[in-house]
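# A closer look at the structure
Residue-level listing of the chains:
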Amino acid sequence: MSSAAPSPKTFRVKSFGCQMNVYDGERMAELLAAEGMSAAAEGDDADLVVLNTCHIREKATEKVYSDIGRINKDWRREDGSAPMIAVAGCVAQAEGEEIMARAPSVKVVVGPQSYHRLPAMVADAASGKRSTETDMPAEAKFAALPKRRKSAPTAFLTVQEGCDKFCTYCVVPYTRGAEISRPFADLVEEAKLLVAGGAREITLLGQNVNAWEGEDDKGHTVGLDGLARALAADPDLQRIRYTTSHPNDMTDGLIAAHGELEKLMPFLHLPVQAGNDRVLRAMNRSHTVDSYMALLERIRAARPDIALSGDFIVGFPGETDAEFEDTLRLVDAVGYTQAFSFKYSPRPGTPAATMPDHVPASVMDERLQRLQAAINRDQLAFNKASVGKTCDVLVERRGKLPGQWLGKSPWLQSVHFIGKAEIGQMVTVELVDAGPNSLAGLLV
């Protein structure tokens, strides 16, 4: 047992990884604020640092220990004390006891299904008790969270958590648990609060967000398209997005919604992971290249201007040069407007970690460079093809130049322009110049 420490008055939450971690980080900050703590200003010391971790990326665990060491060294105060450290998120879920054993300065370890208990655990830590909470309790954490308050122009809303797909490379089923859908009424209420707080665009989140299912206010079973239609009824909500989707959960209703629902933005993140059927079977992806391409055809028929994004893993165990070339051919055929791509890295406890024929690092490096070059080529081509279009841009923040503003196009492109505007405003711009990562616009 550690010695008692003063109760923290200020905090900082550092979130890594996916948008769901960003959402979780925001909710943890709201929990701490509800207990009377204040978010530390940028550059100021914080009495409590919460590391909200992600286990998907390579060497995620090592990064946690590196961050802990940096906090203990660089954030030490004049009296020699260091901030209270809490580790949350998926690394906490997977490595909780090990973190406690290896890092005595960590006072709290809490998994992603238990973070509603963070304030109580912090209070215990202040009284001298280190604690770990990595259960997946039956009590719904969302019911224990405070009401949403002030929002940015764009807001995240977690509607679904967990995964039943068991891709052989992925730890999510083990760190986030089985698929669950939050109740329809709770989501409608939270969305209304976000909009009342200033949100004009809401992104619906889930590990398999399009697997969401619930019972609407008329007692009918609806999927994600039904939820999107209900949220779109709010006149002050102007845009709806969702991520991340699984190809097997793209229903007819959701595809149709892309053509029928004006507020549902023409952008879809639909991971494929590889362009070869043998590799997909080894990944347990449960779709084929042909079924994926046929699905894209149906989506584009419903919404011809839709922008497509994806995820790719290169160097999955046993992947041959010819199989990787199949992935490049798929990228050429689809024309992604953006994508996330990674070298395979084994996650402890996943089936792929024990598979034979791991691909040498040098080969993975070369494949990743070729894949990213193809993705960057198509992203630049899409941006250049957008020049001359007039579209709405939701203003999210100020730019670096005087009078400059930054926001997103309907296709999730970053757009900058100079003119009279304000954060949260929807403005019309003509896209006049394009680079690989952003476009310049003229205010119409």
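What comes next concerns the included structure. (Residues numbered from 1 in each chain as written. Predicted model: local features only at pLDDT ≥ 70, side-chain atom pairs only at ≥ 80, totals over all residues. Heavy atoms only, no water.)

### So, the pattern of salt bridges
Close approach of charged atoms allows side chains of opposite charge to pair. Condition: For this document, the term salt bridge refers to a Lys or Arg side-chain nitrogen within 4 Å of an Asp or Glu carboxyl oxygen. Numbering of helices and strands runs from the N terminus, with a helix taken as a DSSP run of H or I at least four residues long and a strand as a DSSP run of E at least two residues long.
For the structure on display, the rule yields 30 salt bridges. Taking the shortest distance from any N to any O, the salt bridge between Arg-27 and Glu-30 comes out at 2.6 Å. In this pair, Arg-27 and Glu-30 both sit in helix 1 (residues 19-34), 3 residues apart, roughly one turn of the helix. One network of salt bridges, in which partners are shared, links Glu-26, Arg-27, Glu-30, Arg-148, Arg-182 and Glu-190.

### Quick look at unusual backbone geometry
Backbone phi values are negative for most residues with the exception of glycine, while trans is the configuration of most peptide bonds. Omega for the peptide link from Thr-243 to Thr-244 comes to 0 degrees, which places this bond in the cis form. Here Thr-244 lies in the loop between strand 13 (239-243) and helix 8 (252-260). In this structure, Phe-166 takes a positive phi of about 55 degrees despite not being glycine. Tracing the chain through its elements places Phe-166 in the loop between strand 8 (160-161) and helix 5 (172-175). Phi at Ser-286 is positive, roughly 65 degrees, even though this residue is not glycine. Structurally, the position occupied by Ser-286 is in the loop between helix 9 (277-283) and helix 10 (289-302).

### Considering the pairing of strand 13
Note the cut-off: With a 1.4 Å probe rolled over the protein chains alone, any residue whose accessible area is under 20% of its type maximum counts as buried; one over 50% counts as exposed, and the rest are partly exposed.
With 5 of 5 residues buried, strand 13 lies mostly within the body of the structure. Side chains of strand 13 alternate between two faces, with Arg-239, Arg-241 and Thr-243 and Ile-240 and Tyr-242 buried alike.

### Details of the sheet that holds strand 6 (residues 131-133)
Here is the rule: Strand pairing is defined by DSSP finding a minimum of two bridges between the two strands. The contact criterion used is simple: two residues touch if any of their non-hydrogen atoms lie within 4.5 Å. In this analysis, axes come from line fits to C-alpha atoms, helices being fitted only over the stretch in contact, and the angle between any two N-to-C directions falls in the range 0 to 180 degrees.
In spatial order, the strands read 2-1-3-4-5-6; together these 6 strands make up an open sheet with parallel pairing. Every interior strand has two partners, whereas the edge strands, strand 2 (38-39) and strand 6, have only one. Both strand 4 (residues 84-89) and strand 5 (residues 106-110) contribute to a ladder of 4 bridges, which runs parallel. Across the sheet, Ala-88 pairs through a bridge with Val-110, a residue of strand 5. Across the sheet, helix 2 (residues 60-74) is in contact with strand 3 (48-53), strand 4 and strand 5; its angle to strand 3 comes to roughly 165 degrees.

### Side note on the packing of aromatic side chains
Our working definition: Pairing of aromatic rings covers Phe, Tyr and the six-membered ring of Trp, with a centre-to-centre limit of 6.5 Å; geometry is then stacked below 30 degrees between planes, edge-to-face above 60, and tilted otherwise. Whether a charge lies above a ring is judged from NZ of Lys or CZ of Arg, which has to be within 6 Å of the ring centre and within 35 degrees of the ring normal.
All chains considered together, the criterion is met by 4 aromatic pairs. Ring geometry for Phe-166 versus Tyr-174: centroids 5.9 Å apart, planes at 70 degrees, classification edge-to-face. The exposure class of Phe-166 is partly exposed, given its relative accessible area of 39%. Its relative accessible area of 39% is what places Tyr-174 among the partly exposed residues. Put simply, the rings of Tyr-169, Phe-316 and Tyr-344 touch in pairs and so form one group of aromatic residues. Over the ring of Phe-142 we find Arg-182; its NZ or CZ atom is 4.0 Å from the centre of that ring.

### Side note on the sheet that holds strand 7 (residues 154-158)
Within a sheet, adjacent strands bond to each other through the backbone by hydrogen bonds, running parallel or antiparallel. Taking strand neighbours across the sheet as the criterion, the 3 strands line up as 7-10-13 in an open arrangement whose pairing is parallel. The open sheet terminates on both sides in strands that have one partner only, identified here as strand 7 and strand 13. This sheet shows a mean twist of 25 degrees between the axes of neighbouring strands, independent of strand direction. Relative to strand 13, strand 10 (residues 201-205) runs parallel, the two being bridged by 5 bridges. In the strand pairing of strand 13, Glu-201 is matched with Arg-239. In this fold helix 1 packs onto strand 7, strand 10 and strand 13, with an angle of close to 95 degrees to the strand it touches most, strand 7. Contacts between helix 6 (residues 184-196) and the sheet are confined to strand 7 and strand 10, with strand 7 contributing the most and set at about 165 degrees to the helix.

### Observations regarding the pairing of strand 16 (residues 338-343)
The cut-off we apply is this: When the strands point away from the viewer, a crossover counts as right-handed if the path from the first strand over the helix to the second runs clockwise.
For strand 15 (residues 307-314) and strand 16, the ladder comprises 6 bridges, and the chain directions are parallel. Residue pairing in the sheet places Gly-310 in a bridge with Ala-339 of strand 16. Note on the crossover from strand 15 through helix 11 (residues 321-334) to strand 16: the handedness is right-handed.

### Concerning helix 10
The condition that has to hold: To estimate how far a helix should extend, the number of its residues minus one is multiplied by 1.5 Å.
Over its 14 residues, helix 10 extends 20 Å from the first C-alpha to the last, a length consistent with the 20 Å expected when each residue adds 1.5 Å. Tucked into the core, helix 10 has its buried residues touching helix 8, strand 14 (267-269), helix 9, strand 15 and helix 11.

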